[in-house]
Amino acid sequence: MEYKELPALVEYVIGSCEEQSRIETIHARVPFDDEVISFLNDLSQTIRKNPESREYSDVATFGFWIRKASLEKMRNEYLPEDGRIKRGRGILFHIAPSNVPVNFAYSLVAGLLTGNANIVRIPGKHFPQIDILVEAIRETLIRHEEIRPYVFCVRYERNRELNDFFSGLSDVRIVWGGDHTIQELRKSPLPPRSKEITFADRYSFCVIDADTYLSMEDKDRVAQSFYNDTYLSDQNACTSPSLVVWLGRQRQQAKEIFWSQLHRIVRERYEFSAIQSVNKLMSLCRSAVALPGICAEETQDNRLTRMFIKEINDKVMDNRENSGFFFEYDCEDIRELQIICEDKRCQTIGYIGDKVMFEPLLEMGVRGVDRIVPVGATMDFDLVWDGYDLVSELTRVVGVR
């Protein structure tokens, strides 16, 4: 395939085919380059000035994450003064997931901060968050022409030839999107010196210490935080808890308040379709067959589905569903969770309580679990993700002796 064939097959959302044809001639930058930080800080201000961004907490969070103070903190943390010379690896080809609107922007920022040029395939499904961010990036690039050759966002239908073409350009291919997407992309060869970073299918859960929860004054804020972790992405994000584990003495009282507070927010804000309702009902039936002793808890409507399980086993997370479908488990000893944490698909644990409670579990040497974060922070992006240190993965070290 040649560049002249691309315009008929590829929608350039940011950048153009003509500009991208020169991508192999641009130089790799130093990580956390001052011009990149200036661009991202300007982008942050553009996003935060837009009234539409305030309607979407994921967009607002992204805008806050790329402000200058945050970027300087990252630079100090991830780029210590060790005397080594680092540069970006060159060209990154990002495949963003179809179910998390702002992920493409985080992936792009990781590429820019590490000194690379970026071709990002964004979701074909249209989200308002993507439209807001794309427009903000376009507007900001006008004021930062030096960054323009490093940013390309494209849309195209599944196409092996295009995957081959973009993969053939890349020094690193970054695949967000699950096992099937990874398998498809791996049919497209990479150049011999290139590498691949993949973010496969994962699952997450939440641990709530009932006594700590009941002692918290702002339970409405807790409910909002849990809503952001789950319903904001239709519970499709790998970071969204599918299981809520309860610890502590006052579990029943805590459950009643917690789920009631959450349902109030869901009823006010969550758009729930008929097909989602049918899917949840089907998952409920499948779970009843697969998990002996499971019991559906009574809820006000199908926007919230709670399935109480009597024991944790390796089949629980295989039966997870989205759109507000939660398994619940009463736990006496945190070590009971070993069986789901041993699975390498286990990614994030959100929690309410004291993080010290996880020490006995981690001391068991579980092979899963990449992140343990407070409720409300499960979707917060970091440059260490799924166990990858992205600054290290996306840069190269020049040895000088």
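Being a predicted model, the structure only gives us computed values, none of them experimental.

Rules used throughout
- Residues numbered from 1 in each chain as written.
- Predicted model: local features only at pLDDT ≥ 70, side-chain atom pairs only at ≥ 80, totals over all residues.
- Heavy atoms only, no water.
- 1 Å grid on protein atoms, 1.4 Å probe; cavity = no way out; pocket = protein on both sides within 12 Å on 5 of 7 lines; lining within 4 Å.
- Points joined across faces, edges and corners; volume = space filled by probe spheres on them.
- Nonpolar A, V, L, I, M, F, W, Y, C, P; charged D, E, K, R; others polar.
- Helix = DSSP H or I, 4+ residues; strand = E, 2+ residues; numbered from the N terminus.
- Contact = heavy atoms within 4.5 Å.
- Pairing = 2+ DSSP bridges.
- Axes fitted to C-alpha atoms, helices over the stretch in contact; angles between N-to-C directions.
- Buried < 20%, exposed > 50% of the residue type's maximum accessible area, 1.4 Å probe, protein only.
- Right-handed = clockwise from strand over helix to strand, strands pointing away.
- Core = buried A, V, L, I, M, F, W, Y, C linked by side-chain atoms within 4.5 Å.
- Salt bridge = Lys/Arg side-chain N within 4 Å of Asp/Glu carboxyl O.
- Expected span 1.5 Å × (residues − 1).
- Arc of directions from axis to C-beta.
- Phe/Tyr/Trp six-rings, centres within 6.5 Å; stacked < 30°, edge-to-face > 60°.
- Lys NZ or Arg CZ within 6 Å of the ring centre and 35° of its normal.

### Concerning the layout of surface pockets
Now for step 1: In this structure, the second largest pocket occupies an estimated 230 Å³ of space.
Now for step 2: Thr 61, Phe 64, Trp 65, Arg 67, Ser 70, Lys 73, Met 74, Glu 77, Tyr 78, Phe 381, Asp 382 and Leu 383 together form the lining of the second largest pocket.
Now for step 3: Looking at the lining of the second largest pocket residue by residue, the class counts come to 6 nonpolar, 2 polar and 4 charged.

### Remarks on the side chain of Lys 255
Now for step 1: Among the secondary structure elements, Lys 255 is positioned in helix α11 (residues 251-269).
Now for step 2: Sequence-distant contacts of Lys 255, that is, excluding residues within four places in its chain, are made with Trp 246, Arg 306, Phe 308, Glu 328 and Asp 330.

### Some thoughts on the sheet that holds strand β6 (residues 172-176)
Now for step 1: Pairing within the open sheet is mixed, and its 6 strands lie in the order β1-β5-β4-β3-β6-β7. In this open sheet, the two edge strands, each paired with only one partner strand, are β1 (11-14) and β7 (195-199). Sheet twist, expressed as the average angle between the axes of neighbouring strands with direction ignored, equals 20°.
Now for step 2: For strand β3 (residues 91-95) and strand β4 (residues 117-121), the ladder comprises 5 bridges, and the chain directions are parallel. The partner of His 94 across the bridge, within β4, is Val 120.
Now for step 3: The strands touched by helix α6 (residues 128-142) within the sheet are β1 and β5 (151-155), with β1 carrying the most contacts at an inclination of about 70°.
Now for step 4: Contacts between helix α7 (residues 160-169) and the sheet are confined to β1, β3, β4 and β6, with β3 contributing the most and set at about 145° to the helix.

### Thoughts on the pairing of β4
Now for step 1: Among the 5 residues of β4, 5 are classified as buried, and the element is accordingly described as predominantly covered.
Now for step 2: Going residue by residue along β4, you find Ala 117, Ile 119 and Arg 121 tucked away on one face and Asn 118 and Val 120 tucked away on the opposite face as well.
Now for step 3: Direction of pairing for β4 relative to β5: parallel, over a ladder of 4 bridges. Residue pairing across strands places Ile 119 opposite Phe 152, the latter belonging to β5.
Now for step 4: On the question of chirality, the crossover connecting β4 to the parallel β5 by way of α6 is right-handed.

### Overview of the nonpolar core
Now for step 1: One finds Leu 40, Phe 104, Phe 166 and Leu 383 to be the most contacted residues of the largest nonpolar core, which totals 73 residues.
Now for step 2: When residues in this core are grouped by element, the largest group, 8 residues, is from helix α5 (residues 103-113).
Now for step 3: Those residues in contact with Leu 383 that sit more than four places away from it in its chain are Phe 32, Trp 65, Met 74, Tyr 78, Ala 110, Leu 113, Tyr 388, Asp 389, Leu 390 and Val 391.

### Quick look at the pattern of salt bridges
Now for step 1: Inspection of the entire model under this criterion finds 30 salt bridges.
Now for step 2: Salt-bridge contacts for Glu 196 lead to Arg 186; the nearest nitrogen and oxygen are separated by 2.8 Å. With a gap of 10 residues between them, Glu 196 in strand β7 and Arg 186 in the loop between α8 (179-185) and β7 connect regions that are remote in the sequence.
Now for step 3: A salt bridge links Arg 249 to Asp 211; the shortest N-O distance between them is 3.9 Å. Of the two residues, Arg 249 sits in the loop between β9 (241-247) and α11 while Asp 211 sits in helix α9 (residues 210-215), which places them 38 residues apart along the sequence.
Now for step 4: Among the residues examined, Arg 249 registers a relative accessible area of 70% and is labelled exposed.
Now for step 5: A cluster of three or more residues bridged by salt bridges with shared partners is formed by Arg 251, Lys 255, Asp 330 and Glu 332.

### Focus: α11
Since one α-helical turn is 3.6 residues long, residues separated by three or four positions face the same way.
Now for step 1: Here α11 is 19 residues long and its end C-alpha atoms lie 27 Å apart, about the 27 Å a rise of 1.5 Å per residue gives.
Now for step 2: For α11, every residue scored as buried is listed here: Arg 251, Ala 254, Lys 255, Phe 258, Trp 259, Leu 262, His 263, Ile 265 and Val 266. Buried residues in α11, looked at end-on, bunch into an arc of 165°, giving them a common side. Among the exposed residues of α11, those pointing more than 90 degrees away from its buried face are Glu 256 and Glu 268.

### Digging into the packing of aromatic side chains
Now for step 1: Taken as a whole, this structure holds 25 aromatic pairs when the rule is applied.
Now for step 2: On the basis of an interplanar angle of 20° and a centroid distance of 5.7 Å, the ring pair of Tyr 156 and Phe 166 is categorised as stacked. Of the two residues, Tyr 156 is situated in the loop between β5 and α7 and Phe 166 in helix α7; the sequence distance between them amounts to 10 residues.
Now for step 3: Assessed through its relative accessible area of 0%, Phe 166 is described here as buried.
Now for step 4: Three or more aromatic residues joined by ring pairs make a cluster, and in this case those are Tyr 213, Phe 226, Tyr 227, Tyr 231, Trp 246, Phe 258, Trp 259, Tyr 270, Phe 272 and Phe 326.
Now for step 5: Over the ring of Tyr 213 we find Lys 219, and its NZ or CZ is 5.6 Å from the ring centre.

### Overview of the sheet that holds strand β10 (residues 295-297)
Now for step 1: If you trace the 7 strands from one edge of the open sheet to the other, you get β10-β11-β12-β9-β8-β13-β14, paired in mixed fashion. Two strands bound the open sheet, and with one partner strand each, they are β10 and β14 (371-374). Here the average twist between neighbouring strands, direction ignored, is 30°.
Now for step 2: The sheet contact formed by strand β11 (residues 305-308) and strand β12 (residues 325-330) spans 4 bridges and is parallel. Bridge pairing links Arg 306 to Phe 326 in β12.
Now for step 3: Sitting on the sheet, helix α10 (residues 219-230) is in contact with β8 (203-209), β9, β12 and β13 (346-352), with an inclination near 145° to β9.
Now for step 4: Sheet strands in contact with α11 are β8, β9, β11 and β12, and its direction is about 145° off that of β9.

### Remarks on empty space enclosed by the protein
Now for step 1: A complete count under the given rule lists 1 cavity of 30 Å³ or more for this structure.
Now for step 2: For the largest cavity, the calculated volume is near 50 Å³.
Now for step 3: For the largest cavity, the full set of lining residues is Leu 291, Pro 292, Gly 293, Ile 294, Ile 309, Lys 310, Glu 311, Asn 313 and Val 316.
Now for step 4: In terms of residue class, the lining of the largest cavity is made up of 5 nonpolar, 2 polar and 2 charged.

Read these as spatial facts, not as claims about activity.
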